[in-house]
Amino acid sequence: MIRGEKVGLREVRRSDLANFLQWFNDPEVTQYLSMSLPMTEMAEEKWVEGLAERANTDVHFVIVAIDDDNEVSIGSIGFSGFNNKDHTATFGIAVGDKQYWNKGYGTEAARLIIDYGFGELNLHRINSNVYEFNERSWRMHLRVGFTEEGRQRELIYRKGRYWNLVRLGILKEEWEATKNR
């Protein structure tokens, strides 16, 4: 497990399926994700089983809140689309347990995995995407050092209108310069 002060990142287990189904079938959670409802148990099982096959292109963890040695699963985090030639990957996070929103858990988890990506996976660059209406995610990305690099105009339809997708990136040298702030 990758441990921080109040969160840890651990491997995905079959026992996580119930939480994934709850989180990823909650419209309040999925409005910020590029997935559509409903998420079936069979589809989620297939995704978990396929993690080993995608080990060269994806790495995923469960975010756990750590409190007095108790661990509560609160979300998922990872990298997808590894490009081994260019040393890049795309970051994604979902804090599915809404009790843990706006309390810094996602920010700490992001810092842990970004450090893992640059340190252990030897990435040079990490990409990410945020829907412009997702202010919480936008602020978290800026706090951990991402820079806006562009926008895809009116790419998604949510909340009765079209929204931009904001493209962000962080380089290893930028992370090294800011990670201890």
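### Here's the deal with the overall build of the protein chain
- Each helix and strand counted, the protein chain has six helices and eight strands in total.
- Secondary structure elements of the protein chain occur, N-terminal to C-terminal, as β-β-α-α-α-β-β-β-α-β-α-β-β-α.
- Here the protein chain has a C-alpha radius of gyration of 16 Å; the compact-globule value for 181 residues is 16 Å, and the two agree.
- Each of the three principal axes of the protein chain carries a C-alpha extent, and together these read 45 × 40 × 35 Å.
- Nonlocal contacts in the protein chain, meaning residues at least 24 apart in sequence, comprise 61% of its contacts between residues at least 6 apart.

### Examining the sheet that holds strand β5 (residues 88-95)
- Strand order across the open sheet formed by eight strands is β1-β2-β3-β4-β5-β6-β8-β7, with mixed pairing between neighbours. On the outer flanks of this sheet lie β1 (2-3) and β7 (147-158), each paired with one strand and no other.
- Looking at chain direction, β7 and strand β8 (residues 161-171) are connected through eight bridges and run antiparallel. Directly across from Arg151, in β8, lies its bridge partner Val166.

### Some words on the layout of surface pockets
- Its boundaries defined by the atoms lining it, the largest pocket holds a volume of some 1200 Å³.
- Around the largest pocket sit 44 residues that line it, and Tyr32, Leu33, Gly92, Ile93 and Ala94 are the ones nearest its centre.
- Contributing elements (two or more residues each) for the lining of the largest pocket: α3 (41-49), β4 (70-83), β5, α4 (105-119), β6 (125-131) and α5 (135-143).
- Its residues assigned to classes, the lining of the largest pocket comprises 22 nonpolar, 16 polar and six charged.

### Focus on the pairing of strand β2 (residues 7-11)
- Summarising burial for β2: four of the five residues are buried, a large majority.
- Of the strand pairs in this sheet, β1 and β2 are connected by two bridges, and their pairing is antiparallel. Its bridge partner being in β2, Arg3 is matched across the sheet by Gly8.
- The turn linking β1 back onto β2 is made up of three residues.

### Examining unusual backbone geometry
- Unusually for a residue other than glycine, His87 sits at a positive phi of about 60 degrees.
- Among the residues examined, His87 registers a relative accessible area of 32% and is labelled partly exposed.
- Phi is positive for Glu154, which is not a glycine, with a value near 45 degrees.
- If you trace the backbone, Glu154 turns up in strand β7.

### Focus: the pattern of salt bridges
- Per the counting criterion, the structure on display carries 10 salt bridges.
- Across the pair Asp16 and Arg10 runs a salt bridge whose closest N-O atoms are separated by 2.7 Å.
- Relative accessible area serves as the criterion here: at 3%, Asp16 is assigned to the buried category.
- Put simply, Asp26 and Lys98 hold a salt bridge, and the shortest N to O gap is 2.7 Å. With Asp26 in the loop between α1 (17-23) and α2 (27-30) and Lys98 in the loop between β5 and α4, this residue pair connects regions lying 72 residues apart in the sequence.
- Ionic contacts of the salt-bridge type, sharing partners, join the residues Glu132, Glu148, Arg151 and Arg161 into one network.

Basis of the calculations
- Residues numbered from 1 in each chain as written.
- Predicted model: local features only at pLDDT ≥ 70, side-chain atom pairs only at ≥ 80, totals over all residues.
- Heavy atoms only, no water.
- Helix = DSSP H or I, 4+ residues; strand = E, 2+ residues; numbered from the N terminus.
- Rg over C-alpha atoms; globule rule 2.2 N^0.38 Å.
- Contact = heavy atoms within 4.5 Å.
- Pairing = 2+ DSSP bridges.
- 1 Å grid on protein atoms, 1.4 Å probe; cavity = no way out; pocket = protein on both sides within 12 Å on 5 of 7 lines; lining within 4 Å.
- Points joined across faces, edges and corners; volume = space filled by probe spheres on them.
- Nonpolar A, V, L, I, M, F, W, Y, C, P; charged D, E, K, R; others polar.
- Buried < 20%, exposed > 50% of the residue type's maximum accessible area, 1.4 Å probe, protein only.
- Salt bridge = Lys/Arg side-chain N within 4 Å of Asp/Glu carboxyl O.

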